[in-house]
Each structure stands twice: as C-alpha cells, then as structure tokens.
Amino acid sequence: MWQLLPPAALLLLVSADTPAADPSKAVVLLDPPWNRVLKNDHVALKCQGDYRVEDNSTKWWHNGTRISSQTSSYIIADAKVEDSGEYECQTGLSALSDPVKLEVHIDWLLLQATKWVVNVGEPIQLKCHSWKKTPVVKVQYFQNGRGKKYFHQNSDFYIPEAKLEHSGSYFCRGIIGTKNESSESVQIIVQGPGTSQTVSSFFPPWHQITFCLVMGLVFVVDTWLYFSVQRHLQNSEEWRNGKVTWSKGP
Ligand SMILES: *[C@@H]1O[C@H](CO)[C@@H](O)[C@H](O)[C@H]1NC(C)=O
Ligand SMILES: *[C@@H]1O[C@H](CO)[C@@H](O)[C@H](O)[C@H]1NC(C)=O
Ligand SMILES: *[C@@H]1O[C@H](CO)[C@@H](O)[C@H](O)[C@H]1NC(C)=O
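Fair warning: this is a prediction, and the values are worked out from it, not measured in the lab.

1. Here's the deal with the nonpolar core
Turning to step 1, where the next piece is worked out: Within the largest apolar cluster, 21 residues are counted, with the highest numbers of intra-cluster contacts made by Leu111, Ile124, Leu126, Tyr141, Phe157, Tyr170 and Ile188.
Turning to step 2, where the next piece is worked out: Contributing elements (two or more residues each) for this core: strand E9 (109-113), strand E11 (124-130), strand E12 (137-143), strand E14 (157-159), strand E15 (168-176) and strand E17 (186-191).
Turning to step 3, where the next piece is worked out: Ignoring anything within four residues of it in the chain, the contact list for isoleucine 188 reads Trp116, Ile124, Leu126, His166, Ser167, Gly168 and Tyr170.

2. Topic: the environment of alanine 113
Turning to step 1, where the next piece is worked out: When you line up the elements, alanine 113 lands in strand E9.
Turning to step 2, where the next piece is worked out: By relative accessible area, alanine 113 is classed as buried at 2%.
Turning to step 3, where the next piece is worked out: Counting along the chain gives 45 residues from alanine 113 to tyrosine 158, while the straight-line C-alpha distance between them is 10.0 Å.
Turning to step 4, where the next piece is worked out: What alanine 113 contacts, discounting residues up to four positions off in sequence, is Trp34, Gln125 and Leu126.

3. Concerning the pattern of salt bridges
Turning to step 1, where the next piece is worked out: Inspection of the entire model under this criterion finds 7 salt bridges.
Turning to step 2, where the next piece is worked out: Glutamate 103 is the salt-bridge partner of arginine 36, the closest N and O atoms lying 3.5 Å from each other. Here the residue arginine 36 occupies a position in strand E2 (residues 36-38), and glutamate 103 occupies one in strand E8 (residues 100-105), the gap between them amounting to 67 residues.
Turning to step 3, where the next piece is worked out: Here arginine 36 falls in the buried class, since its relative accessible area comes to 5%.
Turning to step 4, where the next piece is worked out: Judged by its relative accessible area of 31%, glutamate 103 is partly exposed.
Turning to step 5, where the next piece is worked out: A single salt-bridge network, built from bridges that share partners, covers Arg36, Glu103 and Glu184.

4. Topic: the state of the cysteines
Turning to step 1, where the next piece is worked out: Applying the stated rule across the entire model yields 2 disulfides.
Turning to step 2, where the next piece is worked out: Paired by a disulfide, cysteine 47 and cysteine 89 hold their sulfur atoms 2.0 Å apart. Negative torsions about the S-S bond denote left-handed disulfides, and the value of about 80 degrees found for cysteine 47 with cysteine 89 makes this one right-handed. Of this pair, cysteine 47 sits in strand E3 (residues 43-48) while cysteine 89 sits in strand E7 (residues 85-91), and the two are 42 residues apart along the sequence. Both residues of the pair, cysteine 47 and cysteine 89, count as buried.
Turning to step 3, where the next piece is worked out: One disulfide bridge connects cysteine 128 with cysteine 172, the sulfur atoms lying 2.1 Å from each other. The sign of the S-S torsion, about 80 degrees, decides the handedness of the disulfide formed by cysteine 128 and cysteine 172: right-handed. Of the two residues, cysteine 128 sits in strand E11 while cysteine 172 sits in strand E15, which places them 44 residues apart along the sequence. A single burial state applies to cysteine 128 and to cysteine 172, both of which are buried.
Turning to step 4, where the next piece is worked out: Along the chain, the cysteines that take part in disulfide bonds pair up as 1-2, 3-4, counted in sequence order.

5. Points about the sheet that holds E11
Turning to step 1, where the next piece is worked out: Pairing is antiparallel across the open sheet formed by 3 strands, whose spatial order is E9-E11-E14. In this open sheet, the two strands that pair with only one neighbour each are E9 and E14. Strand-to-strand twist across the sheet, computed as the mean angle between neighbouring axes with direction ignored, equals 15 degrees.
Turning to step 2, where the next piece is worked out: Both E11 and E14 contribute to a ladder of 3 bridges, which runs antiparallel.

Scoring rules and cut-offs
- Residues numbered from 1 in each chain as written.
- Chains lettered and ligands numbered in written order.
- Predicted model: local features only at pLDDT ≥ 70, side-chain atom pairs only at ≥ 80, totals over all residues.
- Heavy atoms only, no water.
- Core = buried A, V, L, I, M, F, W, Y, C linked by side-chain atoms within 4.5 Å.
- Buried < 20%, exposed > 50% of the residue type's maximum accessible area, 1.4 Å probe, protein only.
- Helix = DSSP H or I, 4+ residues; strand = E, 2+ residues; numbered from the N terminus.
- Contact = heavy atoms within 4.5 Å.
- Salt bridge = Lys/Arg side-chain N within 4 Å of Asp/Glu carboxyl O.
- Disulfide = S-S within 2.5 Å.
- Pairing = 2+ DSSP bridges.
- Axes fitted to C-alpha atoms, helices over the stretch in contact; angles between N-to-C directions.

What follows is the structure in structure tokens.
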C-alpha cells in the first residue's frame, strides 16, 4: 500500500528526519560570553540540557576527547593555550551539543565580541581586553584601519544597531604603562537579507547542497515509481474486470 503514497507525502516523511534545529540538543554557553580570551582568564562553560531525575551528571568533550568533569559548569580558572579548541557537552536527556570554539591567546590586548557574524539591526559589543585586566588608557577602536572610537579610560565600543557598513576588520590599541600596544585584527560580518548569499559563499553549506540533490533524486525516482505502479494496478484491474478501454483514433 505504501507505493500508493503520493510522492509529495513521501518527500515530507523523509524530510521530517532532517537535522533541523533540534530542541533536544544540549547547548554549551560561555560565561563571560567571549569565545576569544587571554591566557590566565577565567572562563566558565555551562551545559544547558535536560537531566534524568536519577542522574545529574554532565558529559564533556574537549577536541573530541572525553574529559573528567561531570558538573554542569566546566570551569577554566586560569586559561592556558592548550585549553583552546572545541567543547561539547551532553546531559542524560539531551543529544550531544554542537561544538563551541574557545581560543586562548597570548598578548597584551585582545579584541572581544559576543558574535562575529551579526544580522542588520542587532547590537555589536566590542571589548578591548587587556592581559590580567592591566589598566589601559587612551583606548582607540579601529575599523578597516580608520579610528572609530576613542576612550581615555578603557570602555566597550557599543553599536546599538548594526548596519552593513559596520562589516570589516577591527582592532583596538591603547597605552599600557608606557607602552603603546595593539590587538590583532578580527573580522566582523554584518549580514542583511541581501548579503546572506555572500556570507554563505564564504562557508559553503555542502551538507545542505548534498541533501537537496539527494532529495531531488528521491523525488524523481519516487514519482516514477508512483506512476508506474499506478499504471500497473490500473491495467491489472481492467484486465480482471474484462474491460479494456480503446481510444478512438481520428
Ligand atoms: C548530584 O546531586 C548530588 C546530590 O544533590 C550532589 O551531591 C552532587 O554533587 C551532584 N553531582 C553533580 C555532578 O552535579
Ligand atoms: C585542542 O585543539 C586546539 C586547536 O586545534 C589546540 O590549540 C589545543 O592545544 C588542543 N588541546 C588539547 C588539550 O587537545
Ligand atoms: C601608538 O602608536 C601609533 C603608531 O604605531 C601612533 O600613531 C599612536 O599615536 C600611538 N598612540 C599613542 C597614544 O601614543
């Protein structure tokens, strides 16, 4: 009987299996929210997911290797370069989280942001973070080499509503003691409805392309099956009833 499912229905049944936003997946959250930090910083990774009543333990992976922590927060009290990499977590009633990337840098100044790809209209918050929070003065934020904001005392550079022209390469610099220090540059991408094309060409969604090709193939094969099975059934029905329809030529 399944052969008689219309092709579109079968297509829906199959696509219901796609790995769309899965509410049962655990989520790794960073606290504070920066995914780039400096050596010696304090970072808490928090696992958000549902637990079994009898089991409050959390599983953690770093670079794909299971680590011993079982608490819902994995604390890095004094970050080292080796703490860089990808973190994943899972709780009793959740599926494995997506990986979250942490970068631990050795430098005097580091530009931090909550997100590196933002949508038009969303806020952008940039922080000029200094090693061990050493005082920095005369802090300047740059976009594409041009000075954008100056603070005598170190402050965050806050853009309440991102526009497309806020995309670019950013860094900050300032005076620590008597030395003039600069952070590395980092890229911020602001995407609007018209620019998502550009962004996705930076990161080609190969799995999506493959998925569409496979679905197209399934659709074609299934449509062919549907009509050929239907024709076959009709023919045998007509033979059994002993009536054959003839079409009259002109
Ligand atoms: C689980 O709960 C018990 C009792 O409340 C507590 O002692 C233990 O530390 C918890 N373990 C984890 C990994 O949170
Ligand atoms: C994890 O991977 C990152 C990036 O590839 C690397 O810098 C770091 O040293 C690795 N750490 C461990 C413990 O494997
Ligand atoms: C820091 O150095 C840059 C050039 O490297 C210079 O243009 C800038 O004025 C210096 N900043 C301060 C506050 O001295």
